[in-house]
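Chain and residue survey
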Amino acid sequence: MTAEPIGFREFVVARSPALLRTAWMLTGDGAAAEDLLQSALARTWPHWARVAEGRPEAYVRTVMVRLNASWRARRWHGETPTAEVEAGLAPGDHQAQVDDRVVLATALARLPVRQRQAVVLRYFDDLSVDEVARVMGSSPGTVKSQSAKGLAKLRDALTATDTLEKR
Amino acid sequence: MNLDQVADRLRQLPPALPQPADRFDRVRRRVRRRQLRLAGASAVGMVAVAAATVGVLAHHSSGGVAIDRGPAATTSRLPAHGPSAPPAPPSPAPPAPATGGPWKVNAHGQTYGIETETGTPDLVAVIATDGRHGYAYATQLEGPRPTSPADALRQEREDPNGYDVPVYESDGTTRIGHFHVG
């Protein structure tokens, strides 16, 4: 067993809360987020001596994004609920008071994985377009288009809910 | 609603997430499990290298490839590759103490090698804390089996950071280091 790398424990303690939030945004599930974070940290451990000299948080975030993409490709995503519930809701119906956060989380989960990653990194983690491109391993142009499309879909979902609530 | 407002709501989306106090230890356990798997893969690679450099490869009638190390040595069989490999004939019931199945057998009759989907050898390939390749007894790697949930909790309390097991050469007696489980 390799000895504990110097400074790695402190990094895990200090940065895990922020990284866990990013992991949750990528997965939408608390347990999956913890799993993703721990897996990324475990893969960072052997390279810590090199990683620590640069930007370790960016490295872990990159590992998380790539792991997330491969996990998404392997896993069944469950049934996708239809959007037809709207037709059954009467104006002023109590059930129409849908929590924005639930709507946003659901809309986020429905984004294609690359759009979701671009949106999370760009607008949740506030990374620059170039930084997101480095993490995702794609071009800045692709990041711009993916994040813009993703954000527009989230806006559409929220707007649809607002419209429903105002009826 | 404009896109900036969407981004603002996005930043407020994650719920309060629990932060396990033992996250670092969990990460360390994952690193060890990864190293154990890598040690297994490395052992497979070493068998292949040994076959290419030391052994004499000969196509075996069972469709596998046998590594001939002379009359006194054990024979290790690698799986057949490709569709042209002839089908394996019905194999006789293996004499339990004499064959190691997919693993090699040392002079004491103990199997050694990597864990596979079908089972575990007596001595499991590991990487010792000093980086040396060796083998640890599977029974010691598993540790004492808890007899009840309460017993499992007691073991966890007694060994919160895991435990060390000895690492041996393939003979199962020459100690070369230790491997930390936990």
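These numbers come from a predicted model, not from an experiment.

1. Here's the deal with the interface of chain A and chain B
The interface of chain A with chain B comprises 38 residues on the first partner and 29 residues on the second. Here chain A and chain B share an interface that buries about 3,200 Å² over both sides, 67% of which is from carbon and sulfur atoms. Along the contact surface separating chain A from chain B lie four salt bridges. A salt bridge links Glu34 of chain A to Arg23 of chain B; the nearest nitrogen and oxygen atoms lie 2.9 Å apart.

2. What to know about the packing of aromatic side chains
In this structure the tally under the stated criterion is seven aromatic pairs over all chains. Seen in terms of ring centroids, Tyr137 of chain B and Tyr168 of chain B are 5.4 Å apart; in terms of plane orientation they differ by 75 degrees. Their pairing is edge-to-face. One end of the pair, Tyr137 of chain B, is in strand β7 (residues 133–137); the other, Tyr168 of chain B, is in strand β8 (residues 163–168), with 31 residues separating them in the sequence. Pair check on accessibility: Tyr137 of chain B and Tyr168 of chain B agree, each one buried. Among the aromatic side chains, those forming a connected cluster through ring pairs are Phe8, Phe11, Trp45 and Trp48 of chain A together with Phe24 of chain B. Positioned above the aromatic ring of Tyr123 of chain A, the side-chain terminus of Arg122 of chain A is 5.8 Å from the ring centre.

3. Comments concerning the confidence of the model for chain A
Put simply, chain A has an average pLDDT of 83, and 79% of its residues get 70 or more. For residues 76–91 of chain A, every residue scores under 50 in pLDDT, and the model assigns this stretch nine contacts once sequence neighbours within four places are set aside.

4. Re the pattern of salt bridges
Following the criterion strictly, the structure yields twelve salt bridges over all chains and no others. Between Arg28 of chain B and Glu4 of chain A there is a salt bridge, with the nearest N and O atoms lying 3.6 Å from each other. Here the residue Arg28 of chain B occupies a position in helix α2 (residues 23–53), and Glu4 of chain A occupies one in the segment before α1 (8–27), the pair thus bridging two chains. With a relative accessible area of 17%, Arg28 of chain B lands in the buried category. Here the salt bridges do not stand alone but share partners, grouping Glu4 and Arg9 of chain A together with Asp25 and Arg28 of chain B into one network.

5. Examining helix α7 (residues 129–136) of chain A
Residue and element names in this part refer to chain A. All of the buried residues along α7 are Val129, Val132, Ala133, Val135 and Met136. Take α7 and look down its axis: the buried residues cluster within an arc of 165 degrees, on one side only. Of the residues one or two after α7, Gly137 is the one with positive phi, at around 70 degrees.

6. Quick notes on the nonpolar core
If you look at the biggest cluster of nonpolar residues, it comprises 53 residues, and the most contacted ones within it are Phe8, Met25, Leu41, Met64, Leu108 and Leu154 of chain A together with Leu10 of chain B. Examining the composition of this core, we find that nine residues originate from one element, α1 of chain A, more than from any other. Ignoring anything within four residues of it in the chain, the contact list for Met64 of chain A reads Leu19, Thr22, Ala23, Leu36, Leu37 and Ala40 of chain A. Judged by nonpolar contacts, the second largest core, of eleven residues, contains Val124, Ala136, Leu141 and Ile176 of chain B.

7. Observations regarding the packing of α1 of chain A against helix α6 (residues 113–124) of chain A
Residue and element names in this part refer to chain A. Closest axis-to-axis distance for the α1/α6 pair is 9 Å, and the angle between their directions is 145 degrees. Relative to α6, α1 is oriented so that their crossing is right-handed. Of the residues in α6, those touching α1 at Arg21, Thr22, Trp24, Met25, Leu26 and Thr27 are Arg116, Gln117, Val120 and Phe124. Partitioned by chemical class, the residues of the contact of α1 with α6 number five nonpolar, three polar and two charged.

Definitions and cut-offs
- Here the residue numbers are simple positions, counted from 1 along each chain's written sequence.
- Chain letters start at A and ligand numbers start at 1, both assigned in the order the entries are written.
- pLDDT decides what is reported in this predicted model: residues at 70 or higher carry local features, side-chain atom pairs at 80 or more are listed and counted, and totals for whole chains, interfaces and linings draw on all residues regardless.
- Water and hydrogen atoms were dropped before computing side-chain values, which therefore reflect all heavy atoms in the structure.
- The contact definition used throughout considers only heavy atoms, calling two residues in contact when any of these lie within 4.5 Å.
- Joining two parts hides part of their accessible area as seen by a 1.4 Å probe, and the buried area is that hidden amount summed over both.
- Salt bridges are defined by distance alone: a side-chain nitrogen of Lys or Arg within 4 Å of a carboxyl oxygen of Asp or Glu.
- Ring geometry is summarised as follows: Phe, Tyr and Trp rings, the Trp one being its six-membered ring, pair when their centres sit within 6.5 Å, and such pairs are stacked at plane angles under 30 degrees, edge-to-face over 60 and tilted between the two.
- Segments assigned H or I by DSSP are reported as helices when at least four residues long, segments assigned E as strands when at least two residues long, and all are numbered from the N terminus.
- Remark: exposure states derive from per-residue accessible area (1.4 Å probe, protein chains only) relative to the maximum for the residue type, with buried under 20%, exposed over 50%, and partly exposed in between.
- Charge over a ring is defined by NZ of Lys or CZ of Arg lying within 6 Å of the ring centre and within 35 degrees of the ring normal.
- Per residue, pLDDT captures the predictor's confidence, and it can take any value from 0 to 100.
- By definition, the arc is the one covered by directions from the helix axis to the C-beta atoms.
- Take the buried Ala, Val, Leu, Ile, Met, Phe, Trp, Tyr and Cys residues and link them wherever side-chain atoms come within 4.5 Å; each set so joined is a nonpolar core.
- All axes are obtained by fitting lines to C-alpha atoms, using only the stretch in contact for helices, and the reported angles, taken between N-to-C directions, cover 0 to 180 degrees.
- Each crossing gets its handedness from the near helix: less than a right angle anticlockwise from the far helix is left-handed, clockwise is right-handed.
- For this scheme, ten residues count as nonpolar: Ala, Val, Leu, Ile, Met, Phe, Trp, Tyr, Cys and Pro. Four count as charged, namely Asp, Glu, Lys and Arg, and the remainder, Gly too, count as polar.

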